[in-house]
Amino acid sequence: MRREHFTLDVNNVDWVETNGEPSKPSVSIDFTGPATMLRERLTGPDGDVLEAAETDVALRLQGPLGDGTAGVVSVTNRVTGEFILELNEDADDVLTFIQAARGYGEDETEAEGRYEVEISLDGDPFVSYDKQTFLVYDDEGDLLRQHSLIPSGVEL
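The rules behind the values
Residues numbered from 1 in each chain as written. Predicted model: local features only at pLDDT ≥ 70, side-chain atom pairs only at ≥ 80, totals over all residues. Heavy atoms only, no water. Buried < 20%, exposed > 50% of the residue type's maximum accessible area, 1.4 Å probe, protein only. Helix = DSSP H or I, 4+ residues; strand = E, 2+ residues; numbered from the N terminus. Pairing = 2+ DSSP bridges. Core = buried A, V, L, I, M, F, W, Y, C linked by side-chain atoms within 4.5 Å. Salt bridge = Lys/Arg side-chain N within 4 Å of Asp/Glu carboxyl O. Axes fitted to C-alpha atoms, helices over the stretch in contact; angles between N-to-C directions. Contact = heavy atoms within 4.5 Å.

This brings us to the pairing of strand β4 (residues 70-77). For β4, the tally of buried residues reaches seven of eight residues, placing the bulk of the element in the interior. Bridge analysis of β4 against strand β5 (residues 83-90) gives seven bridges, and the strand direction is antiparallel. Bridge pairing links Val72 to Asn88 in β5. Turn length for the β4-β5 hairpin, with the two strands adjacent in sequence and antiparallel, is five residues, and the turn residue Gly81 shows positive phi of about 80°.

Nonpolar side chains in soluble globular proteins generally cluster together in the buried interior. By size, the foremost hydrophobic cluster in this structure holds 38 residues, and its most contacted members are Leu38, Leu59, Leu85, Ile119 and Phe134. Here this core gets eight residues from one element, more than from any other, and that element is helix α3 (residues 91-106).

Turning our eyes to something else, we now look at the pattern of salt bridges. Counting across every chain of the model gives six salt bridges. Note that Arg2 and Glu4 form a salt bridge whose closest N and O atoms lie 3.1 Å from each other. Between Glu86 and Arg60 there is a salt bridge; the shortest N-O distance is 3.6 Å. Taken together, the positions of Glu86 in strand β5 and Arg60 in strand β3 (residues 55-61) put the pair 26 residues apart, joining distant regions of the chain. Its relative accessible area of 30% is what places Arg60 among the partly exposed residues. Look at the salt bridges and you will find they share partners, linking Arg3, Arg60 and Glu86 into a network.

The four strands are arranged β5-β4-β3-β8 in an open sheet whose pairing can be described as mixed. Two strands in the sheet have a free side with no partner beyond their single neighbour: β5 and β8 (135-137). Sheet twist, expressed as the mean angle between neighbouring strand axes with direction ignored, is 25°. Across the sheet, α3 touches β3, β4, β5 and β8, and the angle it forms with β5 is around 110°.

Dropping the structure here:
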């Protein structure tokens, strides 16, 4: 799977810059490459599609945080640690998304997700996750807690 086979679209983040009414942010990831490998990575050993709690979403910066810094957004299998998918994105855009998820979560219960992730294969929805955590790592692999979305009571 190549990063070029993925496109990412975000919704419900504009309110952050306008101080509007918080709305649950969502990200749609569409894969246009050969779907067999991605389906396998999104499926557990029991043959069922992985649950939200079995996946992690993260941003790994590719340089110092600042204007124009690139990053790699990844979804990984929490049990095996294997990458399910990776794609390149502008770090500032991802951090704005995390800020929106944090702002939305301030008004919601801890049981509810702070953002949604939908993964589609050639435009057909395959899986949707309601998530609470989004980890951000610097270019050396160190966790940037102040930029990450980590629910209270979660130990890393």
